[in-house]
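Below are the chains, spelled out letter by letter.
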Amino acid sequence: MQSTWTSGATPPSSDPVVHLLQRFTYGPTQQLVAEVRSVGIDAWFEGQLDHLSIADSEVDDFISKWDMFNYIHKDVNFLWALAESEGDDKAGQIFNSNWMAGRVLHLYTVIRQARSKRQIYEMMVELWHDHLNITTLGDDTKDGHLDWNTNDWNKKVIRQFALSRFEDLLQVSALHPAMIVYLDGELSTKDVPNENYGRELLELHTVAPKAGYTQADVVDASKLFSGLRVKWPARYYDRGRMPRLPNNSSLIDLPDFASMIHTQRQNFGTFKVMGWQRTVTSVSEVLPAIKSLLSYLSGHPETAKTIALKLGRRFVDDVPSQQFIDDVSAAYLASNSDIKATLRAVYKHQDFMKSIGTKLKRPGEDYVSVARALDVWPNFSRLETWKGITKDFAFISPIARWEMSQMGQVPLSWPFPDGYPDVATAWVNANSQVFRWNIYGNFVRGGSWNPPAWDRLFPVRERNVESHINQVAQSLLFSELGSADRSSLKNAVTKAFGSNPNWDANSRDITSLIARLIFQLPVWSLR
């Protein structure tokens, strides 16, 4: 996306520190800009890649205060036991702990994006969620089976491997119950192997259609995965949620996840996929063959281009240059799909510094960047409750459920396998923009987030309208306003408060109005 600026409009900051933080965080803050200037751009970037070395106690402490976060990142065995214990068993009902945990996961994700010091890590968590997308949108997805597994997916697949190697990430993603459910592995049989995962593995996760794979490749990949099943809790079958399975001799447990191989539905024989070939004659050879195929695909040159394109769209431009794709692909292959090494190639590429003003914030990024700029925390003073048998569960705030939903991007909730789009054309429309403007008003007033502490953000507040406009603009945009934008803001403030306002009585309202108007400028929408 190319940006052009008319005379008097405010262009994006050309400061390399601000540009780095616009792309590799959910928005620069005054504190973070000062930190990067102090340690240096390269040192900060390398420190972010070592995310486990970054203390995140502030956000950890906040999350630990709230009982509702005890129910995220749990697997189906925990959530199903909770569902039965808190539901009305006599009425044949269960407590929708899966639905609750999914919605709290949305909220947890936003808080981490807004407040975590591990910003590159959180950016990559979102990127891989989109790349290997499994929606957490609702408990009716896949006949109500999906949400029991998506919290565990977030923890053990995406978060655990977000900065490891792509091959490792791909391997665990294929075997996780959430992927098996989402792409209909449960429906696959020996005679009629379901092709959803085999197709998306090639089309979206690895080589992409331009690689020239055939329908025969899709079919053979699907046959190899035909025996994968979810190992549901015994009571899940007892309640008729899933058909009963044959005796255990036909089911082989897989390590690490609640997954297994259904030997009666597993295909055997010789499998051929895009130059890879393996003969499987026994159930003990199935998992090694799956791992071999995934390793082959993760190291394929076309997969390297897919990942380079994904990273280019996220961090550089909607249409990355061919030179960028070639260079980043080479780094990916040379490092054996190491995600950190590939990110370094993105950051160091000449196209990165040339890309100022070429990326539009998606709605979720816009939302979180406002929270970061205003340095606010969620307001949980009026949480809804969800009644169980033994207790009332603290339920979610309006942050994800209403506000981000209105903006069009609830975290982790794109309903299709291709993930939220990452190009400007998918998000530019008048309706979305109006919702964004309304949300800015909610932020500056306070509501689902605590009100901004203006006195802390501006301990020495300018008491001249134009000077204070410049002060707020520097804090939020890290640059001066263009003459036309500055004049428009000054006219709005003087219209509301007069040319010589009573600062003692109206300083908070004046600052709130200036901030909201700056958020509405086109330059704020860029990252």
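Let us look at the structure shown here. Note that this is a predicted model, so its numbers are computed, not measured.

### Quick look at the overall build of the chain
Okay, step 1: Helix and strand counts for the chain stand at 25 helices and 7 strands.
Okay, step 2: For the chain, whose C-alpha radius of gyration is 25 Å, the value lies close to the compact-globule estimate of 24 Å for 527 residues.
Okay, step 3: Overall, the chain is about 85 × 60 × 40 Å in size when its C-alpha atoms are taken along their principal axes.
Okay, step 4: Counting all 527 residues of the chain, 56% fall into the buried class.
Okay, step 5: Sequence-distant contacts in the chain: of pairs separated by 6 or more residues, those separated by 24 or more amount to 74%.
Okay, step 6: Counting every atom, the chain has about 21300 Å² of accessible surface; 50% of that belongs to carbon and sulfur.
Okay, step 7: Mean positive and mean negative side-chain charge positions of the chain (56 and 59 charges, respectively) differ by 2 Å.

### Observations regarding helix α2 (residues 30-39)
Okay, step 1: Taken as a whole, α2 has its buried residues at Leu32, Val33 and Val36. Down the axis of α2, the buried set is contained in an arc of 100 degrees. They therefore lie on one face. Residues of α2 that are exposed and point more than 90 degrees away from the buried face comprise Gln31 and Ser38.
Okay, step 2: In this structure, the buried side of α2 is in contact with α1 (16-24), α3 (41-49) and α19 (363-374).
Okay, step 3: In the stretch just after α2, Gly40 is the one whose phi turns positive, near 100 degrees.

### Here's the deal with the sheet that holds strand β1 (residues 228-230)
Okay, step 1: Pairing is antiparallel in the open sheet, where 3 strands are placed in the order β1-β3-β2. For this open sheet the edge positions go to β1 and β2 (251-253), each flanked by a neighbour on one side alone. The mean inter-strand angle of the sheet, taken between neighbouring strand axes irrespective of direction, is 40 degrees.

### Concerning the pattern of salt bridges
Okay, step 1: As enumerated under the stated definition, the model contains 35 salt bridges in all.
Okay, step 2: In this structure, Glu84 and Arg235 form a salt bridge, with 3.1 Å as the shortest nitrogen-oxygen distance. Taken together, the residues Glu84 in helix α5 (residues 76-85) and Arg235 in helix α13 (residues 234-238) connect sequence positions 151 residues apart.
Okay, step 3: Relative accessible area serves as the criterion here: at 38%, Arg235 is assigned to the partly exposed category.

### Some words on the packing of helix α24 (residues 483-497) against helix α25 (residues 503-519)
Okay, step 1: Viewed as axis vectors pointing N to C, α24 and α25 meet at an angle of 145 degrees, and their least axial separation amounts to 10 Å. In terms of crossing hand, the pair formed by α24 and α25 is right-handed. Of the residues in α25, those touching α24 at Leu489, Ala492, Val493, Ala496 and Phe497 are Asn506, Asp509, Ile510, Leu513, Ile514, Leu517 and Ile518.
Okay, step 2: Here the contact of α24 with α25 is composed, by residue class, of 10 nonpolar, 1 polar and 1 charged.

### Some thoughts on helix α12 (residues 215-224)
Okay, step 1: Considered for burial, the residues of α12 that qualify are Asp217, Val218, Asp220, Ala221, Ser222 and Leu224.
Okay, step 2: Those residues of α12 that are buried lie in contact with α11 (196-205), β4 (269-273), β5 (276-280) and α14 (286-298).

### A short note on the packing of α5 against helix α6 (residues 97-115)
Okay, step 1: At a minimum axis distance of 8 Å, the contact between α5 and α6 shows a crossing angle of 125 degrees. Between α5 and α6, the angle is such that the two are oblique. Of α6, the residues touching α5 (which contributes Leu79, Leu82 and Ala83) are Ser97, Asn98 and Ala101.
Okay, step 2: For the contact of α5 with α6, the residue count by class is 4 nonpolar, 2 polar and no charged.

### Focus: the side chain of His468
Okay, step 1: For His468, the location among the structural elements is in helix α23 (residues 465-477).
Okay, step 2: Residue His468 is classed as buried on the basis of its relative accessible area, which comes to 0%.
Okay, step 3: What His468 contacts, discounting residues up to four positions off in sequence, is Arg461, Glu462, Trp503, Ile510, Thr511 and Ile514.

Analysis parameters
Residues numbered from 1 in each chain as written. Predicted model: local features only at pLDDT ≥ 70, side-chain atom pairs only at ≥ 80, totals over all residues. Heavy atoms only, no water. Helix = DSSP H or I, 4+ residues; strand = E, 2+ residues; numbered from the N terminus. Rg over C-alpha atoms; globule rule 2.2 N^0.38 Å. Buried < 20%, exposed > 50% of the residue type's maximum accessible area, 1.4 Å probe, protein only. Contact = heavy atoms within 4.5 Å. Areas by Shrake-Rupley, 256 points an atom, 1.4 Å probe, with all protein chains shown as cover. Lys, Arg positive; Asp, Glu negative; His and termini not counted. Charge placed at Lys NZ, Arg CZ, Asp CG, Glu CD. Arc of directions from axis to C-beta. Pairing = 2+ DSSP bridges. Axes fitted to C-alpha atoms, helices over the stretch in contact; angles between N-to-C directions. Salt bridge = Lys/Arg side-chain N within 4 Å of Asp/Glu carboxyl O. Left-handed = near helix turned anticlockwise from the far one by under 90°. Nonpolar A, V, L, I, M, F, W, Y, C, P; charged D, E, K, R; others polar. Parallel < 35°, antiparallel > 145°, perpendicular 65-115°, else oblique.

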